[in-house]
Amino acid sequence: MVVNLVAAILVWLKMQAVQPLEGVIILAPKQFRFENNTRLIQGEISAKSRLIGNSVWLYIKGFNNNYWLIITANSVDVQSYARLKRATLNAINAVELK
């Protein structure tokens, strides 16, 4: 019981770290950039990214580091979310077509 509680707390803290509350997303062909007051993430959207429910789980391959970033549908406007989903699908499908 205690082990499950500790594991749940660790998972919750990790989820909070990868799901930002605010920031700016800039999409370019094959490039992604996220910036807020505390972090700057830029790189390429990887094929490991996933669309799960009403959220996009991005795996960003940066120059030195790789990052997970979760963007939910209610955290951005409809048009930006559609563009982000399209860019993610393009990254996933590009690897499957090779």
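All of these numbers come straight from a predicted model, not from anything done at the bench. (Residues numbered from 1 in each chain as written. Predicted model: local features only at pLDDT ≥ 70, side-chain atom pairs only at ≥ 80, totals over all residues. Heavy atoms only, no water.)

Undergrad: Talk me through the packing of aromatic side chains; I want residue IDs and the actual numbers.
TA: Under the definition given, this model contains 1 aromatic pair. Between Tyr59 and Trp68 the ring centres are 4.9 Å apart and the planes differ by 55°, which places this aromatic pair in the tilted class. The class for Trp68 is partly exposed, based on a relative accessible area of 38%. (Phe/Tyr/Trp six-rings, centres within 6.5 Å; stacked < 30°, edge-to-face > 60°. Buried < 20%, exposed > 50% of the residue type's maximum accessible area, 1.4 Å probe, protein only.)

Undergrad: If you had to explain the side chain of Ser55 to someone new, which residues and values would you point to?
TA: Residue position: Ser55 is located in strand S5 (residues 55-61). When its relative accessible area of 10% is taken as the criterion, Ser55 is described as buried. Non-local contacts of Ser55, meaning those with residues more than four positions away in its chain, are made with Arg50, Ile70, Ile71, Thr72 and Tyr81. (Helix = DSSP H or I, 4+ residues; strand = E, 2+ residues; numbered from the N terminus. Contact = heavy atoms within 4.5 Å.)

Undergrad: Describe the side chain of Thr88, and please don't skip the residues or the numbers.
TA: Along the polypeptide, Thr88 turns up in helix H2 (residues 78-97). Within polar-contact distance, the side chain of Thr88 engages the backbone oxygen of Leu84 at 2.8 Å. Once residues lying within four places of it in the same chain are set aside, the contact partners of Thr88 are Ile45, Ser49, Leu51, Val56 and Leu58. (Polar contact = N/O pair within 3.5 Å; in protein donor to acceptor, adjacent residues only side chain to side chain.)

Undergrad: Mind laying out a nonpolar patch on the surface, listing which residues take part and the relevant values?
TA: A contiguous nonpolar patch, built from Met1, Val2, Leu5, Val6, Ile9, Leu10, Trp12 and Leu13 and spanning about 940 Å² of accessible area, is present on the exposed surface. Structurally, the position occupied by Leu10 is in helix H1 (residues 2-18). (Patch = residues over 30% accessible without salt bridge, like charges linked within 9 Å, V, L, I, M, F, W, Y side chains within 5 Å. Areas by Shrake-Rupley, 256 points an atom, 1.4 Å probe, with all protein chains shown as cover. Salt bridge = Lys/Arg side-chain N within 4 Å of Asp/Glu carboxyl O.)

Undergrad: Before we move on, could you go through the pairing of strand S6 (residues 66-72) and cite the residues and values that matter?
TA: For a regular strand, side chains alternate in direction, first toward one face of the sheet and then toward the other. Across 7 bridges, S5 lies against S6 in antiparallel orientation. In the strand pairing of S6, Trp57 is matched with Ile70. Hairpin connection from S5 to S6: 4 residues lie between these consecutive antiparallel strands. (Pairing = 2+ DSSP bridges.)

Undergrad: Talk me through the nonpolar core; I want residue IDs and the actual numbers.
TA: Grouped together as the largest cluster of nonpolar side chains are 12 residues: Phe32, Phe34, Ile41, Ile45, Val56, Leu58, Ile60, Leu69, Ile71, Tyr81, Leu84 and Ala91. Where this core is concerned, the elements lending two or more residues are strand S2 (31-35), strand S3 (40-45), S5, S6 and H2. What Ile41 contacts, discounting residues up to four positions off in sequence, is Phe32, Arg33, Phe34, Ile60, Tyr67 and Leu69. (Core = buried A, V, L, I, M, F, W, Y, C linked by side-chain atoms within 4.5 Å.)

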